[in-house]
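Chain and residue survey
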Amino acid sequence: MDKGLNNSRKDFPILDQQVNGEPLVYLDNAATTQKPNQVLKTIVSYYQNDNANVHRGVHTLAERATDHYEAARDKVAEFINAANRKSIVYTRSTTESLNWVASSFGNLVVNEGDEIVISQLEHHSNIVPWQQVAQKQHATLKYIDLTTDGELDMDSARRQITDKTKIVAIAQAANVMGVVNPIKELAQIAHQHGAYMIADGAQAAPHMKIDVQDLDVDFYAFSGHKMLAPTGIGVLYGKQDLLEMMPPVQFGGEMIDFVHHQDASWTELPWKFEAGTPNISGAIALGSAIDYLTKLGMDNIHAYEHELVAYTLPKLLAVDGVTVYGPHDPNKHTGVLAFNMAGLHPHDVATGLDMEGVAVRAGHHCAQPLMEYLNVTATARASFYFYNTQADADKFIQAVTAVKEFFADGIS
Ligand SMILES: Cc1ncc(COP(=O)(O)O)c(C=O)c1O
């Protein structure tokens, strides 16, 4: 465990540095992950050897760039077990994917008096786009409550999802509460009522095996940068028949079949949604990130992170004055640990930890309705990935204790 899963730490040179005179302990992986040499090399190699625009040239470089870009799509399809590569649309991020589903598909199927159901633990990017649809269509936005443990309350889910529901949109893994939501069961409930199921996979796809066909979700969104790829590349998976009926969101080059002076027709899936020059190197790098993750094995990644959480969570809970959000049972908790320290602002906690070389996030984590629900303004958050070690966990706990003592001394 000292070198990360399968000795992977060596592939991430960024981790080998000092911050404020201390070895860096990077625990902000829910915000973005670091990139291994293999992914960085793919980007450099693409620009050194193959760079050209895709789908429009017949010259050799254009063909090579197109082949790499489309091969990465096949890797994405396999990674989430999509039935068909046409179901994989490249976007900029989870945020863009969810915005596209909401503004295009949402406005198509939601009508006046209908209901959209989300939950109290959602990220803003799975709240605000649905608020926009609800406002535009005169529909109602409803929230599934949480249990006292911070898990999704499935009784509340069964009450909120009714025959009036058109969309159910839920995070598969929560970015603050550190829980995995039963998406398959939610999809069944949604479908029984004739509603569509949309899963926000931003915190799930990087950490566990995803099978969109088994989950039976209608749409699934995730971001490359949270799973070793660069920023600016994301994925929207959609069932093919639904993507077929969904109008394009952006218009211009690449996405057309034919343009007349007054109107135009669209090309086939998935390019119908990919207007303009896409993030070619980002998509190819995402393919490389998927190769890396697949080699490690998603089940191994999941098990390794679970071990880290089982080691860290009890130690964090044992620090006097620390509140950890979400379930306290490590078997129910992902590698996202949101916490507060009595009498301290989370920003002071994060600054104090940074002085010890430990990088964590502090703030509302783009989940203000959840903060309101929990009756806090913000939390600190440590989040693990497979290159973190038990030594990282020890340093984190030691740094939390040091911060507590520093402020206690300062106050007394
Ligand atoms: C659960 C969840 N959904 C959506 C997002 C948005 O991801 P992005 O900023 O990559 O679009 C995040 C980012 O932290 C997230 O944690």
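Per an unreviewed UniProt entry, the chain goes by Cysteine desulfurase and derives from Lentilactobacillus rapi. The Sequence similarities (unreviewed entry) field of the UniProt record for the chain holds the comment "Belongs to the class-V pyridoxal-phosphate-dependent aminotransferase family. Csd subfamily."

Looking now at the nonpolar core. In terms of nonpolar packing, the biggest core is built from 110 residues, with L186, Y220, F339, L353, F386 and F396 touching the most fellow members. Among the elements that line this core, the one with the most residues is helix α9 (residues 280-296), at 10 residues. Taken domain by domain, the makeup of this core includes at least three residues from each of domain 1 (5-27 + 297-411) and domain 2 (40-295). Ignoring anything within four residues of it in the chain, the contact list for L353 reads F339, V358, V360, F396, A399, V400 and V403. With 27 residues, the next largest nonpolar core counts F105, A139, L236 and L242 among its residues.

In this section: the site of the ligand. Lining the immediate environment of the ligand, one finds 13 residues, of which T95, D200, Q203, S223 and K226 sit closest. Interatomic distance of 2.6 Å between a side-chain N/O atom of K226 and an oxygen atom of the ligand. Among the residues making up the shell around the ligand, the classes are represented as 2 nonpolar, 9 polar and 2 charged.

To continue, consider unusual backbone geometry. At the junction of L269 and P270, the peptide bond is cis and its omega measures out at 0 degrees in the coordinates. Relative to the helices and strands, P270 is located in the loop between β12 (264-266) and α9. The backbone of N375 sits at a positive phi, close to 65 degrees, despite the residue not being glycine. Tracing the backbone through its elements, the reader meets N375 in the loop between α12 (368-374) and β17 (379-383).

Each assigned domain of the chain is listed here: domain 1 (5-27 + 297-411) and domain 2 (40-295). Taken over C-alpha atoms, the centre of domain 1 sits 29 Å from the centre of domain 2. Each partner contributes residues to the interface: domain 1 has 32 residues there, and domain 2 has 30 residues. Between domain 1 and domain 2 lies a buried interface of about 2600 Å² when both sides are counted; carbon and sulfur atoms form 60% of it. The tally of links between domain 1 and domain 2 comes to 1 salt bridge. One salt bridge in this structure joins E151 and K332, with 3.4 Å as the shortest N-O distance.

To continue, consider the pattern of salt bridges. Taken as a whole, this structure holds 21 salt bridges when the rule is applied. The network of salt bridges with common partners includes E70, R73, D74, R85 and E274.

A few words now on the UniProt feature "domain: Aminotransferase class V" (unreviewed entry) in the chain. Under the local residue numbering, the UniProt record ascribes the feature "domain: Aminotransferase class V" (unreviewed entry) to residues 25-396. Secondary structure within residues 25-396 divides into 40% helix and 17% strand; the distance between the first and last C-alpha atoms comes to 8 Å.

Rules used in this analysis
Residues numbered from 1 in each chain as written. Predicted model: local features only at pLDDT ≥ 70, side-chain atom pairs only at ≥ 80, totals over all residues. Heavy atoms only, no water. UniProt positions renumbered as here; feature names shortened; annotations may be inferred. Core = buried A, V, L, I, M, F, W, Y, C linked by side-chain atoms within 4.5 Å. Buried < 20%, exposed > 50% of the residue type's maximum accessible area, 1.4 Å probe, protein only. Helix = DSSP H or I, 4+ residues; strand = E, 2+ residues; numbered from the N terminus. Domains from an automatic or database assignment. Contact = heavy atoms within 4.5 Å. Near = heavy atom within 4 Å. Polar contact = N/O pair within 3.5 Å; in protein donor to acceptor, adjacent residues only side chain to side chain. Nonpolar A, V, L, I, M, F, W, Y, C, P; charged D, E, K, R; others polar. Buried area = accessible area lost by both parts, 1.4 Å probe. Salt bridge = Lys/Arg side-chain N within 4 Å of Asp/Glu carboxyl O.

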